[in-house]
Amino acid sequence: MTEARTVDSSGPNAAFFSRGGVYAVFLFLSFFFWGVRYGDYLYAVRQFSLFPTWNERWALLAEPGGFLELCALLFSSLFEYPALGAAALAFLGAAIQIVSYALWRGAAGDSFARFCFAFCPSFLVSALFVRVGLDAFESNHATFFLEPGFGVLFALGTVAALRRMEKTSLRRSLTLAFAACAFPFLGVYAFVLAGAAFLEEIRRLTEERRGLIFARADAFYLAELALGSAIAPLLWGYAAWRTYGAARLYRAALVEETTVSLDPYTGLALNALLTLLAATLVIGGISAIVALVPRRGKKEAKRAPKGRGASKKDKRGASGITTEGEGRVRRSLPLREKTLAAYAVLAILSVATFYASPRSDLFFATTAAARSFWRYDWDGVIAAERTARSPSDALISMRNLALFRRGELGERLFERPAHELISSASFMNSFRILGAQVLEGWGYSNLASRTASNNYVATVGRSVPATKTLAFTAIDRGDFQLARKYIARLRRSLSPNDRNWARRMTASLDQGTRPPRDALPVDDYIERGIYSVEQIVSNGLARRSDVASSSELNERDRAIWEARLSYALLDGNFETFSSELEPFWAASGKKRLPKSFQESALFLDRLNQLDADVFPIEPEIRKRFDDFVKYVELYQKVRDQNLLDGMEAEYGDTAWLYFLFQGTDGTR
Amino acid sequence: MDKNAASDWKELDGKKERLARRFGNAGTVLRIGVGLAVLLAVLTFAALRLLPDSDVDAYLSGARCNAAERTPAIYPDYAGCAVPPNIAPMNFEIREEGVLFLTRFSVENGFSFVEKGKTADVSIGRWRKLLAEAVGKRVKVEVFVKGRNGEWSVFSPFYMNVAETPIDGWLHYRLIEPGYEYFSQITLAERNLETFDERFWFEAKSTNNRTCVNCHTFQNRRTENFLFHMRRVCPGSVLCRGGAVTKLDPNVPSDVLGAAYAAWNPKRPLVAFSTNATFQMFHSLSPDRIEVLDAASDLILFDAERSKSKPLCTTPELFETFPSWSQDGATLYYCVAESPYSDAPTAEKPTAPLATASVLESANSDEIDRRKLEAPDVYANFRYNLAKRAFDPTTQTVGEQETLVDAAPLGKSISHPRASPDGSTLVYTLSKFGTFPIWRRDADLWSLNLSTGETRPLDELNSDESESWHEWDSSGRWLIFSSRRDDGSFTRVYIAYYSEDGNWSKPFLLPQRNPQENFERMKSYNLPEPTVEPIRISPRKLAQAARRPC
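1. A short note on the overall build of chain A
Inference 1: When helices and strands are tallied, chain A shows 34 helices and two strands.
Inference 2: Burial statistics for chain A: of 668 residues in total, 56% are counted as buried.
Inference 3: The contacts of chain A with a sequence gap of at least 6 include a subset with a gap of at least 24, amounting to 70%.
Inference 4: Split by element, the accessible area of chain A, about 29,000 Å² in all, is 59% carbon and sulfur.

Shown next, in the form of structure tokens:
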């Protein structure tokens, strides 16, 4: 049985006005969505690309629905190359459509509607993904959006395969067996399997019996299927997952309810699950109604010739091209109009998906910056951060670290208009997946290790960046055996880049040499001793128990000290800055102070917190500060918003404007 | 069907028959081939693994052999260890370069066998037979490695001494992430020491993902009576007595300041708890990454029969923690420190049965918060001594404190006292300061002769990394302890033999079927507790009890 076979095979637009054309457009739209628009995001969730150890593999598979997670984990390995991942996702979406459509073929109702309805699950998978946004960076289950796709694919694919069996007893037996045994592998998607099998059987019976007339055996089978699939989780729980409560079993592998926090500037916070359900009702419900309601032409279908002997002409109806389904002849739209309508449906679904997806500059800036960050592309980080109108703390942290790596932090600290204080702990708590590397970059190896360790298997899964950070921090502390442990995990990665990195790191450790420079985010290692016991999270900055001696600092120590003072400025900790500026300058060989330090010195001099005349302040900066002071004095008299806007435009790249938005005691 | 079509079909049928014959034959050949290949593989595998002992020498007799003049590098390092006669196979990986590896295990004038492969993976049956003959003697292990040049390296043999005293058959421990936050993945596991079987008898995720599970304790190394504690969410203690599982209500120690370390009296249904206001601080660069401190700590006694508790050691200006009992249950050992905080509490604590948090007046929340702020300046001043008190089971009270080891003047701190079952020796952990030695790299095991008072470091057991969380088995001949010597971060279980004449053997790493398990497992083994029998209560029952509200 086939439907919508290209009957109209003539004309130059034959390929376009065909199912193949529709699929091609769908694949293109999917590829564009995943690969072009959200390629950076795919790269960010690629972390689950490690082949776990047997224990970890079993820990996955031992959970109901864990098989789906394993599939998602392996699938996400492709995301290291977003184009490849996007292509794979597009084909996954197409595969979901194909199995969905295969199930509905032969049903009463319009075939076109069934064809379109079959695209809905693919778009729902996309909807799931797009509603989570940056929360996926925090999730310990970031590939969750793939699991429903695989779940639906396996569930519906099983039913689609089973429906081909003509022998009823065999088909029913296998259906019951699959429905019963699917739970450990598919979790709640076993219900999708059972439900689809149930509906398929209803369809078959109504078709054969011309209505809802069931024999006793049929009713018994349907009841068995429904009841069996409903209690299967409990039975499995009794046999295998003995410690799980019913609630946990019945939501196994279900999409986690993640409170979605879209970027705070444009969207509302929505619950992904509710969104999914709402989308299902709206899109799926309409299509299902259209798909299931029988159309006119049934009487004609009964009289229509069937079998091989009938010619195509006989099958063709009066109203243009007619499709043939299981021997029926229907009166329907011509193929051209049908495919145009299909394209229209695709367009509507695509627009809806695009509209519902993260659209803020902050989202795209963050994902792009993260991708550059993980590739040690500091210029890319800085460029990405610039695209966000109002950067988040995480973005600012990444930018600052990139500047730090380039040795330009003190110089360019206030380059961008920054209207918000950077919160000391927020970037760690709200964007933990990057917090570890930021800390490692600042030289806080223990805290980086702690953050990376906490952002590891127990939380975000098997993060490649976290693994590398753990290895770096272990080497930094001299824990080479521990470093080998983490490096060994990346030897199991599906990514050749990860394996190559692991090989090179292992070789360098074996040879007792410093790991190759391009394998590390820093040029050399942090010298211990200059800092002692401190707690960065609560204080926002390390507290020094002893200031470095006046002997010349090496470049690395100088950079760290400069970063420390920079964060003191960002945090409004003027006391620290004031007390350490002179020793820092002296230990740096009394060289030129960075621009932001000069600006800050002038500002604090005016507050009588230090004497700026000690330091070599550039004349241009002094003059600009004098002008700024006049501007401020004028504003204090006039209180004109335009004046403030002008001040922002003129002095937005200075420390002074930043300080104006916070109290000098560090409060906002 | 017309004649042509019939002819076509006939021809097709003929083709089909020929194809069927061909493919049928091919199918038969294929089936036979696959079968032979499988048989050959099985035989080869068996031959490789079951190389008779005598054939090793014959195998090597014509080969070029070089004496390596050293023992082979193996992981784990089991050379020179004393092992129990009932331990699981001591599988190890040969860390030498080569293409072929042979390992011969033998007992003098007794049973021997050879394993082939880079990993000496010994079957349990053969291992048991070997150990049965080696009780009181030693197992000789010889390793032969064939290099790429075709020459064999014959390494010097090493030996494993087989003790006469078996070890308790089961070991219970927590499997926990080495990080400090994500206790949702905690499991309580039971390992059969005679095999490699490990099962999880409680998982935190079976209740709620934010439940912390800690401090399981068994009465007298049996599993008839035991308990474990849950904190934060679904707080409470799950108590198992005689097969019945209950969850303690809030009137007994649950999360009052955080009931932490527990010790079940070996003779009576009494559990000594320490109740601690614990918090952590984090170094940014120091090798000692985490400091765990108490803002307050005391000891309380819980009566499991009556489900009531009472203060036991609650001296206001002192921090009492780590309770532990003597084997006869008549002596309570614990660690005690003077408060290093600036304003030590002076108010008298009430002695009423524990009902609310107010029983520890000095540890009100404001005071605790104040102490947390002060902690970075005083954390290095925590010095715990080892003390004991006589226990009167009738009145359920303790006598006067006696200091056994005064570590504070030495600039040290003691934790985890554990007395041997025969009452002769007590092993404790000594570190520079603090109350959480697992995070202190300088933490080492020390022993105290309870008769003479002599104390010394157990250099035979210690390493450059942390050793702590030790426990004796019921015979008093085996000490099981946690160590981070492997990599400085992931805690592993080590076992050492203590002979009757007071000598310690080299400790050995808990054997695994695949030695790489020790390297690859991303969990720490915490609080190993041996028992003579497995837990007989089903995990389901424990999970159901744990899910019950207090």
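2. Looking at the packing of aromatic side chains
Inference 1: All chains considered together, the criterion is met by 56 aromatic pairs over all chains.
Inference 2: Judged by centre distance (6.1 Å) and plane angle (85 degrees), the ring pair of A:Phe75 and A:Phe79 falls under edge-to-face.
Inference 3: A relative accessible area of 0% means that A:Phe79 is categorised as buried.
Inference 4: Taking the centre distance of 5.1 Å and the plane angle of 55 degrees together, the rings of A:Phe625 and A:Trp656 count as tilted. Placement of the pair is A:Phe625 in helix 32 (residues 619-638) and A:Trp656 in helix 34 (residues 655-660), with a sequence separation of 31 residues. No difference in accessibility class separates A:Phe625 from A:Trp656, as the two residues are buried.
Inference 5: Of the aromatic side chains, those joined through ring pairs into one cluster are A:Phe33, A:Trp34, A:Tyr38, A:Tyr41, A:Phe363 and A:Phe364.
Inference 6: Directly above the ring of B:Phe519 sits A:Lys485, whose terminal nitrogen or CZ lies 5.5 Å from the centroid.
Inference 7: Above the face of the B:Tyr494 ring, B:Arg485 is positioned so that its terminal group lies 4.6 Å from the ring centre.

3. Quick word on the sheet that holds strand 34 (residues 508-509) of chain B
Pairing between the strands of a sheet is mediated by backbone hydrogen bonds and can be parallel or antiparallel.
Residues and elements named next belong to chain B.
Inference 1: Across the sheet, which stays open at both edges, the four strands sit in the order 31-32-33-34 with antiparallel pairing between neighbours. The strands lining the two open edges of the sheet, one partner per strand, are strand 31 (467-472) and strand 34.
Inference 2: Bridge count between strand 31 and strand 32 (residues 478-483): four bridges; the pairing is antiparallel. Within strand 32, the residue paired with Glu471 across the bridge is Ile480.

4. Observations regarding the pairing of strand 10 (residues 158-162) of chain B
Residue and element names in this part refer to chain B.
Inference 1: Only one face of strand 10 is buried, namely the one carrying Phe158, Met160 and Val162, since none of Tyr159 and Asn161 on the opposite face is buried.
Inference 2: Note: strand 3 (residues 82-83) against strand 10, two bridges, orientation parallel. When the sheet's bridge partners are listed, Val83 is paired in strand 10 with Val162.
Inference 3: Of the strand pairs in this sheet, strand 8 (residues 138-146) and strand 10 are connected by four bridges, and their pairing is antiparallel. Residue pairing for strand 10: Arg138 is matched across the bridge by Asn161.

5. Section: the environment of B:Arg268
All names here are of chain B.
Inference 1: By secondary structure assignment, the location of Arg268 is in the loop between strand 18 (259-264) and strand 19 (270-282).
Inference 2: C-alpha of Arg268 to C-alpha of Asp444: the two residues are 176 residues apart in sequence and 31 Å apart in space.
Inference 3: When residues no more than four places from it in sequence are discounted, the contact partners of Arg268 are Gln219, Asp328, Gly329 and Pro393.

6. So, the pattern of salt bridges
All names here are of chain A.
Inference 1: With the rule as written, the count across this model stands at 48 salt bridges over all chains.
Inference 2: A salt bridge links Arg406 to Asp379; the nearest nitrogen and oxygen atoms lie 2.0 Å apart. Of this pair, Arg406 sits in the loop between helix 20 (393-405) and helix 21 (409-412) while Asp379 sits in helix 19 (residues 378-386); the two residues are 27 residues apart in sequence, bridging distant segments of the chain.
Inference 3: A relative accessible area of 47% means that Asp379 is categorised as partly exposed.
Inference 4: Arg592 is paired through a salt bridge with Glu411; the nearest N and O atoms lie 2.8 Å apart. Residue Arg592 is located in the loop between helix 30 (574-587) and helix 31 (595-606), and its partner Glu411 is located in helix 21; the two are separated by 181 residues in the primary sequence.
Inference 5: Connected through shared salt-bridge partners, Asp379, Glu385, Arg386, Arg399, Arg406, Glu408, Arg412 and Glu415 make up one network.

7. Some details on the domain arrangement of chain B
Residues and elements named next belong to chain B.
Inference 1: Per the domain assignment, the segments of chain B are domain 1 (53-162) and domain 2 (170-547).
Inference 2: On the domain 1 side of the contact with domain 2, Tyr75, Ala82 and Ala88 bury the most area, a combined 26% of that side's loss.
Inference 3: Linking domain 1 with domain 2 are one salt bridge.
Inference 4: For Asp77, the salt bridge goes to Lys506, with nearest N and O atoms at 2.9 Å.

8. Details of helix 6 (residues 539-547) of chain B
Inference 1: Of the residues making up helix 6 of chain B, those classed as buried are B:Pro539, B:Leu542, B:Ala543, B:Ala545 and B:Ala546. Buried residues in helix 6 of chain B, looked at end-on, bunch into an arc of 165 degrees, giving them a common side.

9. Concerning the packing of helix 19 of chain A against helix 20 of chain A
Residue and element names in this part refer to chain A.
Inference 1: Packing of helix 19 against helix 20 leaves a shortest axis separation of 9 Å and a crossing angle of 145 degrees. For the pair helix 19 and helix 20, the crossing hand works out as left-handed. Facing helix 19, whose interface residues are Trp378, Val381, Ile382 and Glu385, helix 20 presents Leu395, Met398, Arg399, Ala402, Leu403 and Arg405.
Inference 2: When the residues that make up the contact of helix 19 with helix 20 are grouped by side-chain class, the tally is seven nonpolar, no polar and three charged.

10. Considering the sheet that holds strand 11 (residues 170-176) of chain B
Residues and elements named next belong to chain B.
Inference 1: Here four strands make up an open sheet; going across it, the order is 13-12-11-35 and the pairing antiparallel. One side of each edge strand has no neighbouring strand; the edge strands of this open sheet are strand 13 (198-203) and strand 35 (524-531). Pairwise comparison of adjacent strand axes, ignoring direction, gives a mean angle of 25 degrees for this sheet.
Inference 2: Pairing of strand 12 (residues 187-192) with strand 13 involves five bridges; the strand directions are antiparallel.

11. Remarks on helix 12 (residues 216-239) of chain A
Inference 1: By the largest-angle criterion, A:Ala232 marks the main kink of helix 12 of chain A, which is about 45 degrees, and a proline, A:Pro233, follows within four residues.
Inference 2: Of all the positions in helix 12 of chain A, only A:Asp218, A:Tyr221, A:Leu222, A:Leu225, A:Ser229, A:Ala232, A:Pro233 and A:Gly237 are classed as buried.

12. Details of unusual backbone geometry
Residues and elements named next belong to chain B.
Inference 1: Pro76 follows Tyr75 through a cis peptide bond whose omega is -5 degrees.
Inference 2: With respect to the secondary-structure elements, Pro76 resides in the loop between strand 2 (74-75) and strand 3.
Inference 3: With phi around 65 degrees, Arg221 is a residue other than glycine that occupies positive phi space.
Inference 4: Relative to the elements of secondary structure, Arg221 occurs in the loop between strand 14 (211-218) and strand 15 (225-232).

13. Comments concerning the environment of A:Arg477
Inference 1: Relative to the assigned elements, A:Arg477 resides in helix 25 (residues 464-477).
Inference 2: For the pair A:Arg477 and A:Asn608, spaced 131 residues apart in sequence, the C-alpha separation works out to 41 Å.

14. Let's talk about the pairing of strand 11 of chain B
Residue and element names in this part refer to chain B.
Inference 1: With seven of its seven residues buried, strand 11 lies for the most part within the structure.
Inference 2: Along strand 11, one buried face is formed by Trp170, His172, Arg174 and Ile176 and the opposite face, lined by Leu171, Tyr173 and Leu175, is buried too.
Inference 3: Where strand 11 and strand 12 come together, six bridges link them in antiparallel fashion. Paired with Trp170 across the two strands is Asn192, which belongs to strand 12.
Inference 4: Relative to strand 35, strand 11 is paired through six bridges, and the arrangement is antiparallel. The residue bridging Leu175 from the neighbouring strand is Tyr525, located in strand 35.

Parameters and conventions
The residue numbers shown here count from 1 along each chain, following its written sequence. Whichever chain is written first is A, and whichever ligand is written first is 1; the rest continue in order. Two thresholds apply to this predicted model, a pLDDT of at least 70 for residue-level local features and 80 or more for giving and counting side-chain atom pairs, whereas whole-chain, interface and lining totals are computed over all residues. Working from all heavy atoms in the structure, the side-chain values ignore hydrogens and water. Strands are runs of DSSP state E lasting at least two residues, helices are runs of H or I lasting at least four, and both sets are numbered from the N terminus onward. Accessibility here uses a 1.4 Å probe with only protein chains present; expressed as a share of the type maximum, an area under 20% marks a residue as buried, one over 50% as exposed, and anything in between as partly exposed. Residues count as neighbours in contact if any of their non-hydrogen atoms are within 4.5 Å of one another. For the accessible areas, the method is Shrake-Rupley and the probe is 1.4 Å, while residue cover comes only from the protein chains on display. For Phe, Tyr and Trp, rings pair up if their centres lie within 6.5 Å, where Trp contributes its six-membered ring, and each pair is then called stacked (planes under 30 degrees apart), edge-to-face (over 60) or tilted (otherwise). Whether a charge lies above a ring is judged from NZ of Lys or CZ of Arg, which has to be within 6 Å of the ring centre and within 35 degrees of the ring normal. Two strands make a pair as long as DSSP finds a minimum of two bridges between them. Salt bridge, as used here, is a side-chain nitrogen of Lys or Arg placed within 4 Å of a carboxyl oxygen of Asp or Glu. A domain assignment, automatic or from a database, supplies the domain bounds used here. In short, buried area is how much 1.4 Å probe accessible area vanishes from two parts on joining, totalled over both. Summarising the geometry, the arc corresponds to the directions from the helix axis toward the C-beta atoms. As a rule, the C-alpha atoms of each element are fitted with a line to give its axis, helices using only the stretch in contact, and angles between N-to-C directions run from 0 to 180 degrees. The handedness criterion is simple: a crossing whose near helix is rotated anticlockwise from the far helix by less than a right angle is left-handed, and one whose near helix is rotated clockwise is right-handed. Each residue is assigned to one class: nonpolar for Ala, Val, Leu, Ile, Met, Phe, Trp, Tyr, Cys and Pro, charged for Asp, Glu, Lys and Arg, and polar for all the others, Gly among them. Note on bend: the value at a residue is the angle between axes fitted to the seven residues ending there and to the seven starting there.

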